[in-house]
Amino acid sequence: MITAIVLIGADIHQIPETAQAVADIPGVTEVYSCAGDVDLIAKVRVRDHDQIADVVTGKINRLPGVKRSATHIAFRSYSSSEVEGGFSIGDE
């Protein structure tokens, strides 16, 4: 599976509706509303790169409340135990 993180700038008057519309797209597993430089963050999990293009450019970017997006493809994921283990090398 390929994981992509999509940072979405949305119309501030439509954030809840846009978030729900993004969440309803097949391949989108999670959507977060947040403070900062972006309004929404979506996690996309699909089988191949063509599906990322379909989900992001074919569906997310075409939603009325979406003003802009930036997509980041994940290479590897780490769980909290793996990260903690990496920093505890040599600690007793």
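This one's a predicted model, so the numbers in the text were calculated from it and none came from an experiment. (Residues numbered from 1 in each chain as written. Predicted model: local features only at pLDDT ≥ 70, side-chain atom pairs only at ≥ 80, totals over all residues. Heavy atoms only, no water.)

S.K.: What is the right way to look at the pattern of salt bridges in this model?
M.R.: A side chain of one charge can pair with a side chain of the opposite charge when the charged atoms of the two come close. Following the criterion strictly, the structure yields two salt bridges and no others. The shortest N-O distance in the salt bridge between Lys43 and Glu30 comes to 3.5 Å. In this pair, Lys43 sits in strand β3 (residues 40-46) while Glu30 sits in strand β2 (residues 28-33), placing the two residues 13 residues apart along the sequence. Here Glu30 falls in the partly exposed class, since its relative accessible area comes to 28%. Measuring nitrogen to oxygen at the nearest pair gives 2.8 Å for the salt bridge that ties Asp54 to Lys59. Residue Asp54 is classed as partly exposed on the basis of its relative accessible area of 40%. Note on Lys59: relative accessible area 32%, which makes it partly exposed. (Salt bridge = Lys/Arg side-chain N within 4 Å of Asp/Glu carboxyl O. Helix = DSSP H or I, 4+ residues; strand = E, 2+ residues; numbered from the N terminus. Buried < 20%, exposed > 50% of the residue type's maximum accessible area, 1.4 Å probe, protein only.)

S.K.: Help me out: how do you make sense of helix α2 (residues 49-59) in this one?
M.R.: Because an α-helix packs 3.6 residues into every turn, residues spaced three or four apart end up facing the same way. If you check which residues of α2 are buried, you get Ile52, Val55 and Val56. Buried residues in α2, looked at end-on, bunch into an arc of 80°, giving them a common side. Those residues of α2 hidden inside the fold are in contact with β1 (2-10), β2, β3 and β4 (66-73). Sitting at the amino-terminal end of α2 is Asp48, which places a side-chain oxygen 3.1 Å from the backbone nitrogen of Asp50. (Arc of directions from axis to C-beta. Contact = heavy atoms within 4.5 Å. Polar contact = N/O pair within 3.5 Å; in protein donor to acceptor, adjacent residues only side chain to side chain.)

S.K.: What should I look at first to understand the environment of Asp39 in this one?
M.R.: Within the secondary structure layout, Asp39 lies in the loop between β2 and β3. Given a relative accessible area of 17%, Asp39 falls into the buried group. A sequence separation of 27 residues divides Asp39 from Ile12, and the C-alpha atoms of the two residues are 8.0 Å apart. Each residue touching Asp39, except ones within four places of it in the same chain, is listed here: Ile8, Gly9, Ala10, Ile15, Tyr32, Ser33 and Cys34. A distance of 2.7 Å separates a polar atom in the side chain of Asp39 from the backbone nitrogen of Ala10.

S.K.: I tried to follow the pairing of β3 on my own but got confused; where do I start?
M.R.: On a regular strand, one side chain projects to one face of the sheet and the next to the other, so that they alternate. Burial along β3 is one-sided: Leu40, Ala42, Val44 and Val46 are buried, and none of Ile41, Lys43 and Arg45, which face the opposite way, are. Note: β1 against β3, seven bridges, orientation antiparallel. Paired with Ile8 across the strands is Leu40, a residue of β3. As judged from the five bridges shared by β2 and β3, these two strands associate in the antiparallel manner. Counterpart to Glu30 in the pairing with β3 is Lys43. The loop that links β2 with its antiparallel partner β3 comprises six residues; one of these, Gly36, has a positive phi angle of about 120°. (Pairing = 2+ DSSP bridges.)

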